[in-house]
Amino acid sequence: MWADLKPIGRDPDSGGYRRYAWTRADQDCRAWFKAQAESRGLTYELDRNGNQWAWQGDPLAGDAVVTGSHLDSVPLGGAFDGPLGVVSSFAALDELRHREVEFAKPLAITNFGDEEGARFGLACVGSRLAAGQLTAAKAHELRDADGVSLPRAMEAAGYDPSAIGPDPERLARIGAFVELHVEQGRALDVTGDPVGIASAIWPHGRWRFDFHGEANHAGTTRLDDRRDPMLTYAETVVAARREARLAGALATFAKVSVEPNGVNAIPSLVRGWLDSRAADQDTLDRVIAGIEQAARENAARSGIDLRITRESFTPVVEFEHALRDELAKLLREEHGDIPVLGTGAGHDAGILSASVPTAMLFVRNPTGISHSPAEYAAEDDCVAGVIALADVLEGLACT
């Protein structure tokens, strides 16, 4: 399975992936998922929001145990973020069938669409739509960098966008959702454990900063006569690092667009996107307030017009303690005590937690690098993750 997925959307120079929502690479990943479902005799479904489902048992029976993740990527992302969870889910089902267990509940494997938000700027679009955290009207307003709307992109890929929206009936049939994911940090490498259990997801969000200045000639305009938004943007980037460091939080400007984007032209507009995360809401609020204040003060001093827009936000997610404790209990006998750790990364499991009981398993990442071609997990640890997931699914779905 891993070898089949490996070449899809891969950049030959960097080795990273460009698997953006509703593109050819995304379509190829979806075709792979469907083929995996059909080769195992599973009931395949595509829901109203473009999320894929593969069912062992009756999809309408209720109290289903669901596992899975996503197959899309960030720009030049790694191979493991998302796909490891989907591949491991099919492998765990294979392991359960090898054990000849009896299923007492339906079991489903899912691929949620557009988790990374690389194309339309909003993370977890598929799960947000299903959970009612993104309305159809707001989804129709989403545009990519070329101005293509989400509905138009879906249509171009052969899907009907007219039905997108909340899917409470489907979510009501789920008794538990367990997502396996490569760890995006080094906590497990430090403890020496191949697998961990998630405790919570930090609150996090994305903000867009629009710095409007005045375009002019780079070779003839005196420095004192310039309204250069690039300087204010740069000062804001430095302020973000300072505020995050002081608060023990995270703040990153990693995406920027410039107009007119000429080497010999002072920009008229610099637009930068801030990603910020913290262990608790008060800390995150304090960091964002500090960054916004610094940006506004610098903008006023330089004659720059500034507009700040919050594009997405996810509050702290405490995974359901009962399910989390059940995972620890199911794994303890074969695997010993499993470390429980928090994460600053967002996941579909975090979105679904408001609607269904959710939990997460992490697989060790020896470098801690993620969202990069250098993202990695050792084969032995991946196998350990599959066995742990199979043990959990057996305990939750089988007699």
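Residues numbered from 1 in each chain as written. Predicted model: local features only at pLDDT ≥ 70, side-chain atom pairs only at ≥ 80, totals over all residues. Heavy atoms only, no water.

Enquirer: Would you explain the overall build of the protein chain in this entry?
Expert: Along the protein chain, the regular secondary structure elements total 13 helices and 15 strands. Its C-alpha atoms give the protein chain a radius of gyration of 22 Å, near enough to 21 Å, the size a compact globule of 399 residues would have. For the protein chain, the C-alpha atoms occupy an extent of roughly 80 × 45 × 40 Å along the three principal directions. In the protein chain, which comprises 399 residues, the proportion classed as buried is 53%. For the protein chain, contacts bridging at least 24 residues in sequence account for 76% of all contacts bridging at least 6. Accessible surface, the protein chain as shown: approximately 17300 Å² in total, 49% of it carbon and sulfur. Put simply, the protein chain has 40 plus and 60 minus side-chain charges, and the middle of one group is 6 Å from the middle of the other. (Helix = DSSP H or I, 4+ residues; strand = E, 2+ residues; numbered from the N terminus. Rg over C-alpha atoms; globule rule 2.2 N^0.38 Å. Buried < 20%, exposed > 50% of the residue type's maximum accessible area, 1.4 Å probe, protein only. Contact = heavy atoms within 4.5 Å. Areas by Shrake-Rupley, 256 points an atom, 1.4 Å probe, with all protein chains shown as cover. Lys, Arg positive; Asp, Glu negative; His and termini not counted. Charge placed at Lys NZ, Arg CZ, Asp CG, Glu CD.)

Enquirer: Could you clarify how one ought to interpret the environment of Asp-4 in this entry?
Expert: You can see Asp-4 is positioned in helix 1 (residues 2-5). In the structure, Asp-4 is positioned 28 residues away from Trp-32 in sequence and 8.0 Å away in space, judged by C-alpha atoms. Beyond its immediate stretch of four places on either side in the chain, Asp-4 contacts Trp-32 and Gln-36.

Enquirer: Honestly, the pattern of salt bridges in this entry has me stumped. Any pointers?
Expert: Oppositely charged side chains may form a pair once their charged atoms are brought near each other. All chains considered together, the criterion is met by 21 salt bridges. Here Asp-94 and Arg-40 are joined by a salt bridge, their closest N and O atoms 2.8 Å apart. Note that Asp-94 is positioned in helix 3 (residues 83-99) and Arg-40 in the loop between helix 2 (24-39) and strand 1 (43-46), a separation of 54 residues in sequence. On the basis of relative accessibility, which here comes to 31%, the residue Asp-94 falls in the partly exposed class. For the salt bridge of Lys-105 with Asp-63, the shortest nitrogen-to-oxygen distance reads 3.3 Å. Remark: Asp-63 occurs in the loop between strand 2 (52-56) and strand 3 (64-69) and Lys-105 occurs in the loop between helix 3 and strand 4 (107-111); sequence separation between them is 42 residues. On the accessibility criterion, Lys-105 (29% relative accessible area) is partly exposed. You can call Asp-63 partly exposed: its relative accessible area is 42%. One continuous salt-bridge network, built from bridges that share partners, spans Glu-95, Arg-99, Asp-391 and Glu-394. (Salt bridge = Lys/Arg side-chain N within 4 Å of Asp/Glu carboxyl O.)

Enquirer: Sorry, what's going on with the sheet that holds strand 9 (residues 250-259) here?
Expert: Backbone-to-backbone hydrogen bonds join strands into a sheet, with any given pair of strands oriented parallel or antiparallel. Read across the sheet, 4 strands follow the order 9-11-7-12 without closing on themselves; strand pairing throughout is antiparallel. Edge positions in the sheet fall to strand 9 and strand 12 (305-314), since each has one partner strand and no second. Recorded for the sheet is a direction-independent mean angle of 15° between the axes of neighbouring strands. As paired strands, strand 9 and strand 11 (residues 269-277) are joined by 9 bridges and run antiparallel to one another. In the strand pairing of strand 11, Leu-250 is matched with Arg-277. Running over the sheet, helix 9 (residues 229-247) touches strand 7 (204-212), strand 9 and strand 11 and is turned about 170° from strand 9. (Pairing = 2+ DSSP bridges. Axes fitted to C-alpha atoms, helices over the stretch in contact; angles between N-to-C directions.)

Enquirer: For this particular structure, what's the right way to read the packing of aromatic side chains?
Expert: Geometrically, a pair of aromatic rings is defined through the distance of the ring centres and the angle of the planes. This structure, assessed with the given rule, holds 13 aromatic pairs. Ring geometry for Trp-53 versus Trp-55: centroids 6.0 Å apart, planes at 15°, classification stacked. Their ring planes at 85° and their centres at 5.9 Å tell us that Phe-112 and Phe-177 sit as a pair that is edge-to-face. Taken together, the positions of Phe-112 in the loop between strand 4 and helix 4 (125-131) and Phe-177 in strand 5 (residues 174-182) put the pair 65 residues apart, joining distant regions of the chain. The pair Phe-112 / Phe-177 is uniform in exposure class, with both members buried. Feature note: the residues Trp-32, Phe-33, Tyr-44 and Phe-90 constitute an aromatic cluster, connected by ring pairs. The ring of Tyr-159 carries Arg-30 above its face, with NZ or CZ at 5.6 Å from the centroid. The aromatic ring of Trp-273 is capped on one face by Lys-255, whose charged end is 4.5 Å from the ring centroid. (Phe/Tyr/Trp six-rings, centres within 6.5 Å; stacked < 30°, edge-to-face > 60°. Lys NZ or Arg CZ within 6 Å of the ring centre and 35° of its normal.)

Enquirer: Could you clarify how one ought to interpret the environment of Asp-285 in this entry?
Expert: Of note, Asp-285 is situated in helix 10 (residues 281-302). A relative accessible area of 43% places Asp-285 in the partly exposed class. With 82 residues separating them in the primary sequence, Asp-285 and Pro-203 have C-alpha atoms 9.9 Å apart.

Enquirer: What am I meant to see in helix 10 here?
Expert: An α-helical turn contains 3.6 residues, so a residue and the one three or four places further along point in the same direction. Spanning 22 residues, helix 10 covers 32 Å between terminal C-alpha atoms, matching the ideal 32 Å at 1.5 Å per step. Considered for burial, the residues of helix 10 that qualify are Thr-283, Leu-284, Val-287, Ile-288, Gly-290, Ile-291, Ala-294, Ala-295, Asn-298 and Ala-299. The buried side chains of helix 10 occupy one side of the element, clustering within an arc of 160° when seen end-on. In this structure, helix 10 carries Asp-282, Ala-300 and Arg-301 as exposed residues pointing more than 90 degrees from its buried face. For helix 10, the secondary structure elements touched by its buried residues are strand 7, helix 9, strand 9, strand 11 and strand 12. (Expected span 1.5 Å × (residues − 1). Arc of directions from axis to C-beta.)

Enquirer: Even after reading the chapter, I still don't get the packing of helix 3 against helix 13 (residues 379-397), so can you show me in this structure?
Expert: Two packed helices can be described by the angle between their axes and the distance between those axes. Where helix 3 contacts helix 13, the axes come no closer than 8 Å and their chain directions differ by 60°. With respect to their mutual orientation, helix 3 and helix 13 come out oblique. Classified by chirality, the crossing of helix 13 by helix 3 is right-handed. Residues Leu-84, Ser-88, Ser-89, Ala-91, Ala-92, Glu-95, Leu-96 and Arg-99 of helix 3 pack against Cys-382, Val-386, Ile-387, Leu-389, Ala-390, Asp-391, Leu-393 and Glu-394 of helix 13. Of the residues contributing to the contact of helix 3 with helix 13, the split by class is 10 nonpolar, 2 polar and 4 charged. (Parallel < 35°, antiparallel > 145°, perpendicular 65-115°, else oblique. Left-handed = near helix turned anticlockwise from the far one by under 90°. Nonpolar A, V, L, I, M, F, W, Y, C, P; charged D, E, K, R; others polar.)

Enquirer: What is the right way to read the nonpolar core from this model?
Expert: Proteins that are soluble and globular tend to have nonpolar side chains buried together. The biggest cluster of nonpolar side chains holds 50 residues, and the ones touching the most others in it are Trp-32, Phe-33, Phe-90, Leu-327 and Leu-361. When residues of this core are traced back to their parent elements, those giving at least two are helix 2, helix 3, strand 4, strand 5, strand 6 (195-201), helix 11 (321-335), strand 15 (358-363) and helix 13. It is helix 13 that provides the largest number of residues to this core, a total of 9 residues. Ignoring any residue separated from it by four or fewer positions in sequence, one finds Leu-361 in contact with Val-178, Glu-179, Leu-180, His-181, Val-195, Gly-196, Ile-197, Leu-327, Leu-331, Ala-388, Leu-389 and Val-392. Of all hydrophobic cores here, the second largest spans 21 residues; its members include Ala-240, Ala-278, Ile-291 and Ala-299. (Core = buried A, V, L, I, M, F, W, Y, C linked by side-chain atoms within 4.5 Å.)

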